[in-house]
Amino acid sequence: MAAGASKYQRILLKFSGEALMGEQDFGIDPAIINQVSAEVKALVETGTQVAIVIGGGNIFRGVSLSASGMDRTTADHMGMLATVINSLALQDGMEKAGLTVRVMSALKMHEVCEDYIRRRAVRHLEKGRVVIFAAGTGNPFFTTDSAASLRGVEINADIVIKATKVDGVYSADPVKDPDATKYDALSFDEVIENKLAVMDTTAIVLCRDNNLPIRVFDMNKKGALARVVNGLDEGTLVS
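Keep in mind the model is a prediction, meaning the values are calculated, not measured.

Q: Sorry, what's going on with the packing of helix α1 (residues 30–45) against helix α3 (residues 72–96) here?
A: Helix-helix packing is characterised by the crossing angle of the two axes and by the distance between the axes. Taken N-terminus to C-terminus, the directions of α1 and α3 make an angle of 60°; their axes are 9 Å apart at the nearest point. Judged by the inter-axis angle, α1 sits oblique to α3. Seen from above, α1 lies across α3 with right-handed handedness. Contact residues: α1 offers Ile33, Val36, Ser37 and Val40, while α3 offers Ala89, Leu90, Gly93 and Met94.

Q: Help me understand the packing of aromatic side chains in this model?
A: The geometry of an aromatic ring pair comes down to the distance between the two centres and the angle between the two planes. Taken as a whole and assessed by the stated rule, the structure comprises one aromatic pair. Between Arg151 and the ring centre of Phe133, over which it is positioned, the NZ or CZ distance is 6.0 Å.

Q: So what exactly am I meant to see when it comes to the nonpolar core here?
A: The nonpolar side chains of a soluble globular protein tend to be buried, and buried together. Core analysis: the biggest nonpolar cluster contains 37 residues, and Val40, Ile52, Met94, Val130, Ile161 and Phe217 have the highest contact counts within it. At the level of secondary structure, the elements contributing two or more residues to this core comprise β1 (10–15), α1, β2 (49–54), α3, β3 (101–105), β5 (130–134), β6 (159–164) and α8 (224–229). The dominant element in this core, judged by the number of residues it contributes, is α1, at six residues. Excluding anything up to four places from it in sequence, Val40 contacts Leu13, Val50, Ile52, Met94, Leu99 and Val130. Counting 29 residues, the second-largest nonpolar core is a separate cluster that includes Met104, Ala121, Leu196 and Val198.

Q: I keep staring at the environment of Ile54 and nothing clicks. Help me out?
A: Examined against the element boundaries, Ile54 turns out to sit in strand β2. Each C-alpha atom, one on Ile54 and one on Met78, is 15 Å from the other, the two residues being 24 residues apart in sequence. Contact partners of Ile54, with chain neighbours within four places excluded, come to Phe15, Ser16, Leu20, Thr83, Asn86, Ser87, Leu90, Phe133 and Thr144.

Q: So what exactly am I meant to see when it comes to the packing of helix α5 (residues 144–154) against helix α7 (residues 201–209) here?
A: At a minimum axis distance of 7 Å, the contact between α5 and α7 shows a crossing angle of 15°. Here α7 runs roughly parallel to α5, going by the angle between their axes. Our pair here, α5 against α7, has a crossing hand that is left-handed. Touching Asp145, Ser146, Ser149, Leu150 and Val153 of α5 are Thr202, Ala203, Leu206 and Cys207, all from α7. Across the contact of α5 with α7, the residue classes break down as five nonpolar, three polar and one charged.

Q: Can you help me understand the pairing of strand β10 (residues 214–218) in this one?
A: Every other side chain in a regular strand lies on the same face of the sheet, so the side chains alternate between the two faces. Where burial is concerned, most of β10 is hidden: five out of the five residues are buried. Neither face of β10 is open: one carries Ile214, Val216 and Asp218, the other Arg215 and Phe217, and all of them are buried. Relative to β10, β6 runs parallel, the two sharing five bridges. Across the sheet, residue Thr164 finds its bridge partner in β10, namely Asp218. By the bridge criterion, three bridges tie β10 to strand β11 (residues 236–238) in an arrangement that is antiparallel. Along β11, the bridge assignment pairs Ile214 with Val238.

Q: Please explain helix α4 (residues 118–126) as it appears in this structure.
A: What α4 keeps buried is the set Ala121, Val122, His124 and Leu125. Projected onto a plane normal to the axis of α4, the buried residues spread over an arc of 155° and lie on a single side. Directly after α4, the chain includes Gly128, whose backbone phi takes a positive value near 85°.

Cut-offs applied
Numbers given to residues run from 1 along each chain, matching the order in which its sequence is written. With the structure being a predicted model, the display of local features is reserved for residues of pLDDT at least 70 and the display and counting of side-chain atom pairs for 80 or more, all residues being used for whole-chain, interface and lining totals. Side-chain numbers here rest on the full set of heavy atoms in the structure, without hydrogens or water. Fitted lines through C-alpha atoms serve as axes, helices being fitted only where they are in contact, and the angles separating the N-to-C directions of these axes extend from 0 to 180 degrees. Each helix corresponds to a stretch of at least 4 residues labelled H or I by DSSP, and each strand to a stretch of at least 2 residues labelled E; elements are numbered beginning at the N terminus. Working rule for angles: under 35 degrees goes down as roughly parallel, over 145 as roughly antiparallel, 65 to 115 as roughly perpendicular, anything else as oblique. The crossing is said to be left-handed when, going from far helix to near helix, the turn is anticlockwise and less than a right angle, and right-handed when the turn is clockwise. In this description, contact between two residues means that some pair of their heavy atoms is separated by no more than 4.5 Å. Stacked, edge-to-face and tilted labels apply to pairs of Phe, Tyr and Trp rings (six-membered ring for Trp) whose centres lie within 6.5 Å, assigned for plane angles under 30 degrees, over 60, and everything in between, in that order. Consider the ring centre and the ring normal. A charge sits over the ring if Lys NZ or Arg CZ is within 6 Å of that centre and within 35 degrees of that normal. Put simply, buried Ala, Val, Leu, Ile, Met, Phe, Trp, Tyr and Cys residues joined by side-chain atoms within 4.5 Å make one nonpolar core. Relative accessibility thresholds used throughout: buried, under 20% of the residue-type maximum; exposed, over 50%; partly exposed, between the two (1.4 Å probe, protein chains only). We call Asp, Glu, Lys and Arg charged. Ala, Val, Leu, Ile, Met, Phe, Trp, Tyr, Cys and Pro are nonpolar, and the rest, Gly among them, are polar. Between any two strands, at least two bridges found by DSSP are needed for them to pair. Note that the arc is defined by the directions from the helix axis to the C-beta atoms.

Right under this line is the structure:
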């Protein structure tokens, strides 16, 4: 990809924690870390500024445990700590690939990463560093999808790009329903009204109210991320 080919100067990339499992049942697959690192490096080399939010579902899901009786606030804080573990793993892989990476946490933990400070995050991006936002929003009852939308708005990202295991947004789960229809484009209101599983409603409303588009794509499809950043028709655009 030639320098200057990117449509978007600054992106917020959202990964689920489950995406890091690869073919495993639990934890982190080093092959996925290497794949993500290589694709992000290719973007950075074109001049694209990359910020990342990653979930923690491969290690711990606060919502699941709270449904079993654990205090929701405690469970959500445990989930936030899981995102820090994933962020540090991703940082390590990216640094091995030759990138300069900063992990910024919404929870204070100076020994392992920086505090999230918006102006400092923007400065890191302007210097060509990859910034990984850990610990969600730092508050219980908010998902990492909401954290991705919030951070995307705060850093003035051009788009939120959500990496999934399917090639866009469907009318139903394509794994369970062979007649599910894929959408090439949707409005924010259509996503909300039809209760489509793009991101949670808080995240969608935050993007809608701040005119921040979302692109959903298949992270396992070779070259898909580069095509999204180049503005090509890949996955589903929500705007």
